[in-house]
Amino acid sequence: MKVDQKGHTTTIKNTQYKTAEFITKLTHEYNSFKNQNLIIDLSTDKEIVMEDVKSFSELIKKHKKNKKSFVLVTDSIDFNKVPSSITLVPTLLEAHDIIEMEEIERDLGF
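Note that the structure is predicted; figures quoted are calculated from it, not measured.

Novice: So what's going on with the overall build of the protein? Which residues, and what values?
Specialist: In terms of helices and strands, the protein carries 4 helices and 5 strands. Counting helices and strands in the order they occur from the N terminus, the protein gives β-β-α-β-α-α-β-β-α. Computed over its C-alpha atoms, the radius of gyration of the protein comes to 13 Å, within 12% of the 13 Å expected for a compact globule of 110 residues. Each principal axis of the C-alpha distribution contributes one length, and for the protein these read about 40 × 30 × 25 Å. Here the contacts in the protein between residues at least 6 apart in sequence split such that 62% fall between residues at least 24 apart. In the protein, 16 side chains carry a positive charge and 18 a negative one; their mean positions are 5 Å apart.

Novice: I'd like a rundown of the pairing of strand β2 (residues 9-13), residues and numbers included.
Specialist: Among the 5 residues in β2, 4 count as buried, and that is most of the element. Where strand β1 (residues 2-6) meets β2, 5 bridges bridge the pair, whose relative direction is antiparallel. Residue pairing for β2: Asp4 is matched across the bridge by Thr11. In sequence, β1 turns back onto β2 through a hairpin of 2 residues, with Gly7 there showing a positive phi of about 60°.

Novice: Go over the sheet that holds β2 with me, naming the residues and quoting the values.
Specialist: Spatially, β1-β2-β3-β4-β5 is the arrangement adopted by the 5 strands of the open sheet, whose pairing is mixed. Because the sheet does not close on itself, it has two edges, and the strands there are β1 and β5 (87-89). Within the sheet, the average angular offset between the axes of one strand and its neighbour, ignoring direction, is 20°. Across the face of the sheet, helix α1 (residues 19-28) comes into contact with β2, β3 (37-41) and β4 (70-73) while running at roughly 145° to β2. Packing of helix α3 (residues 57-65) onto the sheet brings it into contact with β3, β4 and β5, and relative to β4 it is tilted by some 145°.

Novice: Summarise the pattern of salt bridges; cite the residues concerned and give the values.
Specialist: Two side chains bearing opposite charge may form a pair once their charged atoms approach each other closely. Tallied over the full model, the rule gives 6 salt bridges. Put simply, Glu103 and Arg106 hold a salt bridge, and the shortest N to O gap is 2.8 Å. Of the two residues, Glu103 and Arg106 both sit in helix α4 (residues 92-108), 3 residues apart, roughly one turn of that helix. Assessed through its relative accessible area of 19%, Glu103 is described here as buried.

Novice: So what's going on with the packing of aromatic side chains? Residues and values would help.
Specialist: Per the counting criterion, the structure on display carries 2 aromatic pairs. Ring centres of Phe56 and Phe70 lie 6.4 Å apart, and the angle between their planes is 55°; on these two criteria the pair is classed as tilted. Of this pair, Phe56 sits in the loop between α2 (50-54) and α3 while Phe70 sits in strand β4, and the two are 14 residues apart along the sequence. Of the two residues, Phe56 and Phe70, neither departs from the other in class, the shared state being buried. The structure contains a cluster of three or more aromatic residues connected by ring pairs, namely Phe22, Phe56 and Phe70.

Thresholds, definitions, all that
Residues numbered from 1 in each chain as written. Predicted model: local features only at pLDDT ≥ 70, side-chain atom pairs only at ≥ 80, totals over all residues. Heavy atoms only, no water. Helix = DSSP H or I, 4+ residues; strand = E, 2+ residues; numbered from the N terminus. Rg over C-alpha atoms; globule rule 2.2 N^0.38 Å. Contact = heavy atoms within 4.5 Å. Lys, Arg positive; Asp, Glu negative; His and termini not counted. Charge placed at Lys NZ, Arg CZ, Asp CG, Glu CD. Buried < 20%, exposed > 50% of the residue type's maximum accessible area, 1.4 Å probe, protein only. Pairing = 2+ DSSP bridges. Axes fitted to C-alpha atoms, helices over the stretch in contact; angles between N-to-C directions. Salt bridge = Lys/Arg side-chain N within 4 Å of Asp/Glu carboxyl O. Phe/Tyr/Trp six-rings, centres within 6.5 Å; stacked < 30°, edge-to-face > 60°.

And the structure:
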């Protein structure tokens, strides 16, 4: 797991775990990241399936309750089939853009 923090956003890249193991590790270390916007980079896992993406749901719900963004990055999933409660984008640049837009929305009270 590679962690890169810039400002109020932390990017976490899964470098060595299966998705289920990665979620367990991320959940275990969640308190370290709970006050940051999170980008979870899953782009190295080309075998990721929709069920893997959906398994982040509880963590996403918990994080958004704290008024922070949680964005998954992978280009291996059909974006049209992702539930609306999950923010999934194909690139890191788009993830940063989404976080910036969500920060503006929160500042404006949406």
